[in-house]
Amino acid sequence: AAAGLERPQVVSHVQQALNYTVFDCKWVPRSARLLCLGSAARGTGLVQLYELHGARLELLREMEKPKPIKCGTFGATSLQQRYLATGDFDGNLNIWNLEAPEIPVYSVKGHKEIINSIDGVGGLGIGEGAPEIVTGSRDGTVKVWDPRQNDTPVANMEPVQGESKRDCWTVAFGNAYNQEERVVCAGYDNGDIKLFDLKTMSLRWETNIKNGVCSVEFDRKDINMNKLVATSLEGKFHVFDMRTQHPTKGFASVSEKAQKSTIWQVRHLPQNRDIFMTSGGSGSLHLWKYEYPAQRSKKDSEGSEMGVAGSVCLLQNVTLSTQPISSLDWSPDKKGLCVCGAFDQTVRVLIVTKLNKI
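The shown structure was predicted, so the numbers you read here are calculated from the model rather than taken from an experiment.

## Some points on the overall build of the protein chain
Then, number 1: The number of helices and strands found in the protein chain is 1 helix and 30 strands.
Then, number 2: For the protein chain, whose C-alpha radius of gyration is 19 Å, the value lies close to the compact-globule estimate of 21 Å for 358 residues.
Then, number 3: Expressed along its principal axes, the backbone C-alpha trace of the protein chain runs to roughly 60 × 60 × 35 Å.
Then, number 4: Here the protein chain holds 358 residues, and the buried ones make up 57% of them.
Then, number 5: Sequence separation of at least 24 residues holds for 50% of the intrachain contacts in the protein chain that already meet a minimum separation of 6.
Then, number 6: Positive and negative charge centroids in the protein chain, built from 42 and 40 side chains respectively, lie 4 Å apart.

Put into structure tokens, the structure is as follows:
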């Protein structure tokens, strides 16, 4: 029972009803502010900026844009700028200065169809190297952009000739621990996971988890690849140990059936890379901890190094909504502070307690 008392609790701190569909929510770094991005009933895009005041959210600014906004990231700009990059339903990548949000500071028609997922690295002190943004789209392509270069992506990963195009649902940067190294992981609607090495401009690894890949995230972007979590359409997630790549078997992994419904998102706790939260189609959140094995690699019969997967344990779960929780973001500054958006048109600020006791 004493051990039970130490379990983290997920406390709903503030609930804010919205009059539109929210697709993504983000904490503004170094602030008590958060953003909700989505689609208004009349088919336009909305960005709302809120500030947390005790137990309530105050709406500071609302920006309406021509197209519904699917996703956003702060990851490619400095802490001084804190520009927001967004992907919309029309395939546009825009970067906004939230202080003067009328006209984007950078804009490109990035894809032929909706941008499903976006990630940034090289800003906010996250990751070495250029301030880059990656976008994944229904058109089957994954593109990397450097906002300092106009109109053309610095990398374009598209299906090879004769290969059918798959809807890319999720993208994430990783391995950005020095100026040269950087990878992009992409997950697709048919269960494919592909790891692109941007240093060598090659496909470094691929696998298939037999189910649409809803979300991928490295436990840290700015270190030697350590772990990658991939979540799926049918309630399973997979944790890959990315430290040791076997020549034929690839990366070792452990999988867990978290729930019966889709796992929409995975987000690692910024202050502890071995704790992560998944959000589900059933309106629930699950908090997990990864336990490393006694040895992370071993030699196979051929003498090649192969990884050894660890295990995951469930720390806590809570059901908040009758609708899917589609977006999730931890505060980079306050440990345990979290925001999530659900299809019941509600944004919730959560506090996860006792995270320093784990």
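And the narrative resumes.
## Thoughts on the nonpolar core
Then, number 1: Counting 18 residues, the largest nonpolar core has Met277, Leu285, Leu287 and Trp330 as the members making the most contacts within it.
Then, number 2: If we skip the residues at most four places from it in the chain, Leu287 touches Pro8, Ile275, Phe276, Met277, Cys313, Leu314, Leu315, Gln316, Trp330, Val352 and Leu355.
Then, number 3: With 17 residues, the next largest nonpolar core counts Val14, Leu46, Leu57 and Leu337 among its residues.

## Notes on the pairing of strand S2 (residues 21-27)
Regular strands have side chains that alternate between both faces of the sheet.
Then, number 1: Summarising burial for S2: 6 of the 7 residues are buried, a large majority.
Then, number 2: Strand direction decides the pairing type here: S2 and strand S3 (residues 33-39), joined by 6 bridges, are antiparallel. Each bridged residue has a counterpart across the sheet, and for Trp27 the counterpart in S3 is Leu34.

## Re the UniProt feature "repeat: WD" (unreviewed entry) in the protein chain
Then, number 1: In the numbering used here, UniProt assigns the feature "repeat: WD" (unreviewed entry) to residues 133-155.
Then, number 2: Between the end C-alpha atoms of residues 133-155 there is a gap of 10 Å, over a span that is 0% helix and 43% strand.

## Let's talk about a positive patch on the surface
Then, number 1: Together, Lys210, Lys236, Lys257 and Lys260 give the surface a local cluster of positive charge.
Then, number 2: By the element assignment, Lys257 lies in strand S21 (residues 253-257).

## Concerning the pattern of salt bridges
Then, number 1: Applying the stated criterion across every chain yields a total of 22 salt bridges.
Then, number 2: Each member of the salt-bridge network shares a partner with another, and the members are Glu163, Lys194 and Glu206.

## A closer look at the sheet that holds strand S14 (residues 168-174)
Then, number 1: Read across the sheet, 4 strands follow the order S14-S15-S16-S17 without closing on themselves; strand pairing throughout is antiparallel. With one partner strand each, in any of the chains shown, S14 and strand S17 (202-208) form the two edges of the open sheet. Along the sheet, successive strands turn relative to each other by an average axial angle of 15 degrees, direction set aside.

Rules used throughout
All chains use their own residue numbering, which begins from 1 and follows the written sequence. A pLDDT threshold of at least 70 governs which residues receive local features in this predicted model, and a stricter bar of 80 or more applies before side-chain atom pairs are shown or counted, although totals over entire chains, interfaces and linings include all residues. Only hydrogens and water are set aside; all other atoms, that is, all heavy atoms of the structure, feed into the side-chain values. Secondary structure elements follow DSSP: runs of H or I no shorter than four residues count as helices, runs of E no shorter than two count as strands, and numbering proceeds from the N terminus. The globule rule is 2.2 Å times the number of residues to the power 0.38, and the radius of gyration it is compared with is taken over C-alpha atoms. Here the term buried applies to any residue with accessible area under 20% of the maximum for its type, exposed to any over 50%, and partly exposed to those in between, with areas from a 1.4 Å probe on protein chains only. Note on definitions: a residue-residue contact is assigned when non-hydrogen atoms from the two residues lie within 4.5 Å. Charge assignment: positive for Lys and Arg, negative for Asp and Glu; neither His nor the chain ends contribute. To locate a charge, take NZ of a lysine, CZ of an arginine, CG of an aspartate or CD of a glutamate. Residues belong to one nonpolar core when they are buried, are Ala, Val, Leu, Ile, Met, Phe, Trp, Tyr or Cys, and are joined through side-chain atoms within 4.5 Å. Two strands make a pair as long as DSSP finds a minimum of two bridges between them. UniProt positions are given in the numbering used here, feature names are shortened, and annotations may be inferred rather than shown by experiment. Exposure above 30% relative accessible area and the lack of any salt bridge qualify a residue for a patch; like charges then connect within 9 Å, and the nonpolar side chains Val, Leu, Ile, Met, Phe, Trp and Tyr within 5 Å. Using a 1.4 Å probe, accessible areas were evaluated by the Shrake-Rupley method; residue-level cover was limited to the displayed protein chains. We define a salt bridge as a contact between a side-chain nitrogen of Lys or Arg and a carboxyl oxygen of Asp or Glu at a distance within 4 Å. Every axis in this analysis is a line fitted to C-alpha atoms, fitted for helices over the stretch in contact. Angles between the N-to-C directions lie between 0 and 180 degrees.

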